[in-house]
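# Observations on the model geometry
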Amino acid sequence: QVTLVESGGGLVQAGGSLRLSCTAPGRIFSSYTMAWFRQAPGKERQFVAGIRWGSQSTYYADDVKGRFTISRDGAKAVALQMNSLKFEDTAVYYCASGTVYTMTSTRDVASWGQGTQVTVSS
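First things first, this report covers the structure right here in the doc. Just so it is clear, the model here is predicted, and its values are computed rather than measured.

## Quick look at the pattern of salt bridges
Should the charged atoms of two oppositely charged side chains come close, the side chains can pair. Per the counting criterion, the structure on display carries 4 salt bridges. Notably, a salt bridge pairs Asp63 with Arg38, separated by 3.0 Å at the nearest N-O pair. Taken as a pair, Asp63 in the loop between β6 (58-60) and β7 (68-72) and Arg38 in strand β4 (residues 33-39) lie far apart in primary sequence, 25 residues in all. Look at Asp63 and you get partly exposed, because its relative accessible area is 40%. A salt bridge links Arg67 to Asp89, with the shortest nitrogen-to-oxygen separation between them at 2.8 Å. With Arg67 in the loop between β6 and β7 and Asp89 in the loop between β8 (77-82) and β9 (91-98), this pair connects stretches of sequence that are 22 residues apart.

Structure representation (structure tokens):
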């Protein structure tokens, strides 16, 4: 299991933007599918966005498509650019990695970050 470290969370007004980053010192991300999940209070952790190993193609949950962008930032970091944020985007965001090509289930995740809080005020 590898430690993933997130950064970039915070408080933002609705309509604003935030950029989250995930790093893993010493690890090369290109061999793993990387994804972001989020968990709001009282709700299950859910998939947000992913970038597949090998092809580097991206995929998104329907409710963030067109607003969020996941990308690799060099060999050891993954970013999540979040634009047009809504109140319902408020959650703890987790970076995740695994070997499943299109990883969308928490059951497929091999490593988790500690989470970073994103709060969107209405």
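There's more to say after this.
## As for the packing of aromatic side chains
If you walk through the whole model with that rule in mind, you get 5 aromatic pairs. Ring centres 5.6 Å apart and planes at 80° place the aromatic pair Trp53 and Tyr101 in the edge-to-face group. A residue pair is termed long-range when its members are at least 10 positions apart, and Trp53 in the loop between β5 (46-51) and β6 and Tyr101 in the loop between β9 and β10 (111-112) qualify at 48 residues. Since its relative accessible area comes to 36%, Trp53 is described here as partly exposed.

## Remarks on the state of the cysteines
Summed over all chains, the structure comprises 1 disulfide. Disulfide pairing is shown between Cys22 and Cys95; the S-S distance is 2.0 Å. Measuring the twist about the S-S bond at about -80°, one finds the Cys22-Cys95 disulfide to be left-handed. Of this pair, Cys22 sits in strand β3 (residues 18-23) while Cys95 is found in strand β9, placing the two residues 73 residues apart along the sequence. The two residues Cys22 and Cys95 agree in class, both being buried.

Conventions used here
Residues numbered from 1 in each chain as written. Predicted model: local features only at pLDDT ≥ 70, side-chain atom pairs only at ≥ 80, totals over all residues. Heavy atoms only, no water. Salt bridge = Lys/Arg side-chain N within 4 Å of Asp/Glu carboxyl O. Helix = DSSP H or I, 4+ residues; strand = E, 2+ residues; numbered from the N terminus. Buried < 20%, exposed > 50% of the residue type's maximum accessible area, 1.4 Å probe, protein only. Phe/Tyr/Trp six-rings, centres within 6.5 Å; stacked < 30°, edge-to-face > 60°. Disulfide = S-S within 2.5 Å.

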